Amino acid sequence: MKRTGHALRTLAATCLPILAALSCLLSAGAWAQEDSLAGQAPEQTPYTAPLDGRVRGQVRPELIAAGTVIDGKGNVLHNTRILLDKGRIVSVGPSLSAPPDAVVYDLSHATVLPGLIDVHVHITFNFGVTGRYNDTTETPEQRDLLYERSLWEMLMGGFTTVQSVGAPEDETLRDFVERGWIPGPRILTAREPIVGSPRVGSDDVLRAKTVLLQFEHADLVKIFASQSIRDGAGETLTLDQLRAICGEANRLGMRTLVHVYRGSVRNAALAGCTEVEHGTYATQDDLKLLAEKGTYFDPQVGLVIQNYLSHIPQFNGAGNLNAQGFEYMRQALSVNDKLFQDAIHTPGLKVVMGTDAVAGGHGRQVEEIIARIKLGQSPMDALLAATSLNAQSLRMDNEIGSIAPGLQADIVAVDGDPLTDPATLRNITFVMKGGVVYKDLISAAGSAH
Ligand SMILES: [Zn+2]
């Protein structure tokens, strides 16, 4: 113990000045940036690469003839045509004619929706080639291909945009998808999260970490302000610490997404954070406060815990995924159902749709939508959450989340009517992202007529 204590003191003596210098440098950077931003409204993180939709080969206009369109804004249109060009929606109407060189997709027996959006996934959490989570035997090549598999599964499941919260590898995946080098949903990433702990550092260090994430091209800041639900869900960041991070992020124009349970929900709202995740054990007053502050709320009722519990042999033994952890999750199930029902009945509360999909859940994210409907949310509201409201929460509603002129041509289809039969969402039959078709089980290219 004595030796350990000595070692720690030595480490502290060596590292603290370095940390202080780093923090100081970063703060200087932050001030410099503040000067240059003086007088300007904060903007979203620079997401400089153009959104795709200009992938090679998409040079002809496209026309989708749709039986029914659920436009993502609350409208249902019948026998409608959607004209697309260069990866964007040009017009939507009943009697549009196709330009002579257009590719026509006959979806006249299908229901067409905007590409679905999931605001909370973990692309890099996979079952390895042995089928086990955290498979330490996999090669780097296998690992990289498993990431690509996750992206493919999500895209095939109807998700054309996902927000991945917590792995530096996401950045390469985001940029490769963006360039059209690998198929996948459009990705926004938090890179590495800021994780609350007793050794998390001063408020200045927290601000510096936030600035650093922007320098590293993160699209948002992910924060853990509570322990895992499998460790008891206790508070790990104080209100002041959350104020330091979310305040700094707001100043930089970055969004913040905070993993919270219990009283931390209230703290995240008071600290001006953009969105809170999970929220288990929050009170009705906490929900009212979220609504009052305009904080987006993303509870989960349909996929993440159910998926852990249905794959116990594969997860068991990885970190806190043990008997106690599974028990904590089981206890949270009914609490979360009630929380979700309270949330959708809290006036003004913006309940977004994020699944927290990990290994086993990629590509099955519609289960969250279906579960929400089972718990009493109207199918239209559940779909709005997964489309335009999610887009708004990402500050991308001018780009994605609805079927309207000017937006990205992100369009999916199902055979039936999800408003009367939500389970039809499990059978996504058509997926287009940025005007590029990745899945078409309906029209068979449609060019025969
Ligand atoms: Zn998560």
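Residues numbered from 1 in each chain as written. Predicted model: local features only at pLDDT ≥ 70, side-chain atom pairs only at ≥ 80, totals over all residues. Heavy atoms only, no water.

## Details of the environment of Gln341
Then, in step 1: The residue Gln341 is located in helix α10 (residues 323-344) in this model.
Then, in step 2: Polar side-chain contacts of Gln341 include one of 3.0 Å to the backbone oxygen of Leu375. (Helix = DSSP H or I, 4+ residues; strand = E, 2+ residues; numbered from the N terminus. Polar contact = N/O pair within 3.5 Å; in protein donor to acceptor, adjacent residues only side chain to side chain.)

## Topic: the confidence of the model for the chain
Then, in step 1: Looking at the chain, pLDDT values average 88 and 86% of them are 70 or higher.
Then, in step 2: Ignoring residues within four places in sequence, the model shows residues 1-57, a span with pLDDT below 50, making 59 contacts including any to other chains.
Then, in step 3: pLDDT under 50 marks residues 445-449. Its contacts with residues more than four places away, or in other chains, come to 6 contacts. (pLDDT = per-residue confidence, 0-100. Contact = heavy atoms within 4.5 Å.)

## Concerning the state of the cysteines
Then, in step 1: Counted under the stated rule, the structure contains 1 disulfide.
Then, in step 2: Across the disulfide from Cys246 sits Cys273; the S-S distance is 2.1 Å. Its S-S torsion of approximately 95 degrees makes the covalent link between Cys246 and Cys273 right-handed. You can see Cys246 sitting in helix α5 (residues 239-252) and its partner Cys273 sitting in the loop between α6 (264-270) and β11 (275-278), a full 27 residues away along the chain. Of the two residues, Cys246 and Cys273, both sit in the buried class. (Disulfide = S-S within 2.5 Å. Buried < 20%, exposed > 50% of the residue type's maximum accessible area, 1.4 Å probe, protein only.)

## Regarding the coordination of the zinc ion
Coordination angles at a metal have ideal targets, namely 109.5 degrees for four tetrahedral donors and 90 or 180 degrees for six octahedral donors.
Then, in step 1: Looking at the zinc ion, the protein donor atoms are His120 (NE2), His122 (NE2) and Asp356 (OD), and they sit 2.0 to 2.2 Å from it.
Then, in step 2: Donor residues for the zinc ion, ordered by position in the chain, follow H-x1-H-x233-D. Within this pair, whereas His120 is found in strand β5 (residues 116-121), its partner Asp356 is found in the loop between α10 and α11 (366-374), the two being separated by 236 residues in sequence. Summarising the burial analysis for this pair, His120 and Asp356 share the class buried. (Donors = N, O, S within 2.8 Å, 3.2 Å for Na, K, Ca; no water.)

## Observations regarding the pairing of strand β1 (residues 62-70)
Then, in step 1: Burial runs high along β1: 9 of the 9 residues are buried.
Then, in step 2: With 7 bridges connecting them, β1 and strand β4 (residues 103-114) associate as parallel partners. When the bridges of β4 are listed, Glu62 appears paired with Val103.
Then, in step 3: One ladder, built from 8 bridges, connects β1 with strand β2 (residues 76-85); its direction is antiparallel. Looking at β2, one finds that Ala65 is bridged to Arg81.
Then, in step 4: Adjacent in sequence and paired antiparallel, β1 and β2 are bridged by 5 residues, among which Gly72 carries a positive phi angle near 85 degrees. (Pairing = 2+ DSSP bridges.)

## A word on the sheet that holds strand β10 (residues 255-260)
Then, in step 1: Pairing is parallel across the open sheet formed by 5 strands, whose spatial order is β8-β9-β10-β11-β12. If you trace the sheet from one side to the other, it starts and ends with β8 (194-195) and β12 (296-298), each paired once.
Then, in step 2: Note that strand β9 (residues 220-224) and β10 share 5 bridges and pair parallel. The residue bridging Val221 from the neighbouring strand is Thr256, located in β10.

## Examining the side chain of His120
Then, in step 1: Residue His120 is classed as buried on the basis of its relative accessible area of 1%.
Then, in step 2: In this view, His120 contacts Gln163, Val165, Lys222, Leu257, Glu277, His278, Asp298, Gln300, Gly354, Thr355, Asp356 and Ala357; residues no more than four positions away in its chain are not counted.

## Examining α11
Then, in step 1: Of all 9 residues that make up α11, 8 are buried, and the element is covered over most of its length.
Then, in step 2: A positive backbone phi angle near 115 degrees is found at Gly376, which sits one or two residues after α11.

## Here we look at the packing of aromatic side chains
Aromatic ring pairs are reported here in terms of the distance separating the ring centres and the angle at which the planes meet.
Then, in step 1: Within the structure shown, the criterion is met by 6 aromatic pairs.
Then, in step 2: Between Phe176 and Trp181 the ring centres are 5.0 Å apart and the planes differ by 75 degrees, which places this aromatic pair in the edge-to-face class.
Then, in step 3: Put simply, the rings of Phe125, Phe127, Tyr133, Tyr308 and Phe315 pair up and form one aromatic cluster.
Then, in step 4: The side chain of Arg179 reaches across the aromatic face of Trp181, ending 4.9 Å from its centre. (Phe/Tyr/Trp six-rings, centres within 6.5 Å; stacked < 30°, edge-to-face > 60°. Lys NZ or Arg CZ within 6 Å of the ring centre and 35° of its normal.)

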